[in-house]
Structures are given as structure tokens and as C-alpha cells.
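Residues per chain are reported as follows:
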Amino acid sequence: MPLKNVVKYSIATVFVSGMLLSFPLGFESGIATGRHFRDFVQEMAAFLPLMFILIGLLDAWLPRSVIEKHVGGGSGFWGSVWVILLAMLQAGPLYGAFPVAQILWKKGAVFGTFSSIWEHL
Amino acid sequence: MKTLLICTIIAVLVSFIFDRKRTLTGILKGIKMFLGILPDLLLVLTGAAVLLALTPESVIVRLLGRESGAAGIAAAAVIGSVALVPGFIAFPLAAVLHRSGVSLDVIAVFITTLMMVGIITLPIESKYFGWRVALYRNGLSFVGAIAVGLLMGLFL
């Protein structure tokens, strides 16, 4: 594991330990933080692993030509319509949309057509 | 969420029937991407949790509820941009705001910035697309969210 990640995991571990310790110690702000963190992890665990499996499959199967034809350069108005419709199906947190958008981008989609539209529920 | 689970299972099964090797490569690639972003994500989530703990619901209600019009919209835009809230909390929170008398255009701005603008997730977004794109996307979404609020005010 790269050193950078070791540092990041360590910092996260320190914070989480602090949250956990807050419960027996009765430290109110720590308990509140812990509850919020639990909610976040719950949401992340519910969406992200499945999403990344789908993203991996998308990457393996979706041919570049299909993306280029429908949402690539020159797809214009209908490209935007496609992306808006597809993006409305997407649920889950904002950070879950980034990797999906990146795969589409790498396969030749035009950034402007999907960049800010994706995040609607 | 159930839909996502069903979609994933179907996708994996169909993919597996057609090409085992490709399916495995795809899934492994996905897991690798997930592990790659996980440390940053954990840090952002701890930061967001601390931030949320510092600003409980009652504070948000007070900040948005007391003011109306331009000041309310501005406050909603700023808070919504900075805060990261799980999706299943965002709409109940909006309901609480509505019941506490916050006007609908302010709530619209709040929800829209909450969904589309993420100051706290900027480090993650920039990892995927670079800082320039991330800043443009967030900036334009911010403007868009305010436009949504103003139009809501006109129509309602």
C-alpha cells in the first residue's frame, strides 16, 4: 500500500476510534459525529460496492463507438437528452456519480453533456 | 437501492453467461477503483460527519427559517454547498425545514446545492476530472441552483 494511503487510513482510524470512545465517555459532540459517520457509511456501503461492480462491467463491455455515437462530440441536443434521462435513473450519493462519469468520459463522451446533470435524484 | 441490487445481479449473471473472463476482469477493475478512492472517501466522510455534528438540524432551521428572500436563498446556497448529507437524510431534513416555515424557494436552493455542489467532495472530484473541471462544474451548478430557487419563487 502506498504511504499516502497508510497515512489516510491512519487519520480515519484515529477519528473513528475517537467517535467510538465518545460513547462510553459520554462526550456529546463525539457521539453526534459518530452517529453522522454511521449514516454516511451506511449510505456508502449500500451503494458504492454495487456501483463499482457495474462500473467495472460497463468498462469491460461498453464499446467506445457506442458512447461516441450517442453522447460524444457532435451528438448535440439528443446527446444531452440521453444523458439527462439516464442520469435521472441514478440514485445515491454525489461521489458515486464521479466514477461513472469518468468511465463515460474516457470512452469518448463529451464532458459538457453529462458533467453537472448527473447529480439529480 | 433494491433496484440497484437487482440490476447488479442481473448484469453480472448476463455478463458471466456471455464471457466469464471479461466479467471477472470487469469486476476486479471495479473493486480496484473502489479501493483506490476508499481512503479519500473515508477522510471526506469523517470531515463531513464532524461538520454535521457542529451544525445540528436546529441550527440549520434557524439560519434558513429566520431569513427570507435573498438572504435566505444565499444562506441556503452556502450551507447546501458545504454540507454533505446522505440522500436518505436530505429529504426528511427538507420536510423538517418546510414544517418549520422555511419558504419553498429557499428549500429548493438548499436541496439543489446539496445534490449538485459539493465543496467537501471537491478533492475526490478533482481526482477523477482534475481541479479545473471540478471547480467549473461546481461553480456552474451553484449558479444553476440559485436560478432554480429564483424561478421557484416566481412560479409558486
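Scroll up for the structure.
Below, the structure is looked at part by part. (Residues numbered from 1 in each chain as written. Chains lettered and ligands numbered in written order. Predicted model: local features only at pLDDT ≥ 70, side-chain atom pairs only at ≥ 80, totals over all residues. Heavy atoms only, no water.)

In terms of helices and strands, chain B carries eight helices and zero strands. Overall, chain B shows an N-to-C arrangement of helices and strands of α-α-α-α-α-α-α-α. By the compact-globule yardstick of 15 Å for 156 residues, chain B is too spread out, its C-alpha radius of gyration being 19 Å. Along the first, second and third principal axes, the C-alpha set of chain B runs to 60 × 30 × 30 Å. Relative to its 156 residues, chain B shows a buried fraction of 46%. Sequence separation of 24 or more characterises 73% of the internal contacts of chain B that already satisfy a separation of 6 or more. (Helix = DSSP H or I, 4+ residues; strand = E, 2+ residues; numbered from the N terminus. Rg over C-alpha atoms; globule rule 2.2 N^0.38 Å. Buried < 20%, exposed > 50% of the residue type's maximum accessible area, 1.4 Å probe, protein only. Contact = heavy atoms within 4.5 Å.)

Now for the nonpolar core. Of all hydrophobic cores here, the largest spans 60 residues; its most connected members are B:Leu64 and B:Phe110. Sort the elements by how many residues they give to this core and helix H2 (residues 20–54) of chain B lands first, with eleven residues. Not counting chain neighbours up to four residues away, the residues in contact with B:Leu64 comprise B:Gly72, B:Ala75, B:Ala76, B:Ile79, B:Leu97, B:Val102, B:Val106 and B:Phe110. A:Val71, A:Val83, A:Leu104 and A:Ala109 belong to the second largest nonpolar core, which has five residues in total. (Core = buried A, V, L, I, M, F, W, Y, C linked by side-chain atoms within 4.5 Å.)

Here we take up the interface of chain B and chain A. With 53 residues of chain B in contact, the opposing surface of chain A contributes 47 residues. Each partner contributes to the roughly 4600 Å² buried at the junction of chain B and chain A, and carbon and sulfur atoms together form 81% of this total. Taken as a group, B:Leu45, B:Tyr128 and B:Phe129 account for 13% of the area that chain B buries against chain A, more than any other trio of residues on that side. One can count two salt bridges joining chain B with chain A. Between A:Asp59 and B:Lys29 there is a salt bridge; the shortest N-O distance is 2.5 Å. Looking at the side of chain B that touches chain A, the elements that each hand over two or more residues are helix H1 (2–18), H2, helix H5 (87–99), helix H6 (104–116), helix H7 (122–129) and helix H8 (131–155) of chain B. In terms of residue count, H2(B) provides more of the side of chain B that touches chain A than any other element does, 23 residues in total. The class makeup of the residues in the side of chain B that touches chain A is 36 nonpolar, ten polar and seven charged. (Buried area = accessible area lost by both parts, 1.4 Å probe. Salt bridge = Lys/Arg side-chain N within 4 Å of Asp/Glu carboxyl O. Nonpolar A, V, L, I, M, F, W, Y, C, P; charged D, E, K, R; others polar.)

A few words now on the packing of helix H1 (residues 3–25) of chain A against helix H2 (residues 28–61) of chain A. All names here are of chain A. Two elements in contact, H1 and H2, have axes separated by 8 Å at closest approach and are oriented at 120 degrees. If you check the angle between H1 and H2, you find them oblique. Seen from above, H1 lies across H2 with left-handed handedness. Side by side, H1 and H2 meet where Val16, Met19, Ser22 and Phe23 of the first sit next to Gly30, Ile31, Thr33, Gly34, Arg35 and Phe37 of the second. Each residue belonging to the contact of H1 with H2 can be placed in one class, and the counts come to five nonpolar, four polar and one charged. (Axes fitted to C-alpha atoms, helices over the stretch in contact; angles between N-to-C directions. Parallel < 35°, antiparallel > 145°, perpendicular 65-115°, else oblique. Left-handed = near helix turned anticlockwise from the far one by under 90°.)

A separate point is the pattern of salt bridges. Residues and elements named next belong to chain B. For the structure shown, the criterion picks out six salt bridges over all chains. In this structure, aspartate 40 and lysine 127 form a salt bridge, with 3.0 Å as the shortest nitrogen-oxygen distance. Here the residue aspartate 40 occupies a position in helix H2, and lysine 127 occupies one in helix H7, the gap between them amounting to 87 residues. A residue is classified by how much of its surface remains accessible, and aspartate 40, at 12% relative accessible area, is buried. Across the salt bridge formed by arginine 137 and glutamate 125, the nearest N and O atoms sit 2.4 Å from each other. Pair noted here: arginine 137 is in helix H8 and glutamate 125 is in helix H7, with a separation of twelve residues, a long-range link.

Enumeration according to the criterion identifies four aromatic pairs over all chains in this entry. With centroids separated by 6.4 Å and ring planes inclined at 50 degrees, the aromatic side chains of A:Phe98 and B:Tyr128 adopt a geometry described as tilted. Of the two residues, A:Phe98 is situated in helix H5 (residues 94–106) and B:Tyr128 in helix H7; the pairing between them involves two chains. Assigned by exposure class, A:Phe98 and B:Tyr128 land together as buried. Three or more aromatic residues link up through ring pairs in this structure, and these residues are A:Phe98, B:Tyr128 and B:Phe129. Sitting over the ring of A:Trp61, B:Arg22 keeps its end group 4.5 Å from the ring centre. (Phe/Tyr/Trp six-rings, centres within 6.5 Å; stacked < 30°, edge-to-face > 60°. Lys NZ or Arg CZ within 6 Å of the ring centre and 35° of its normal.)

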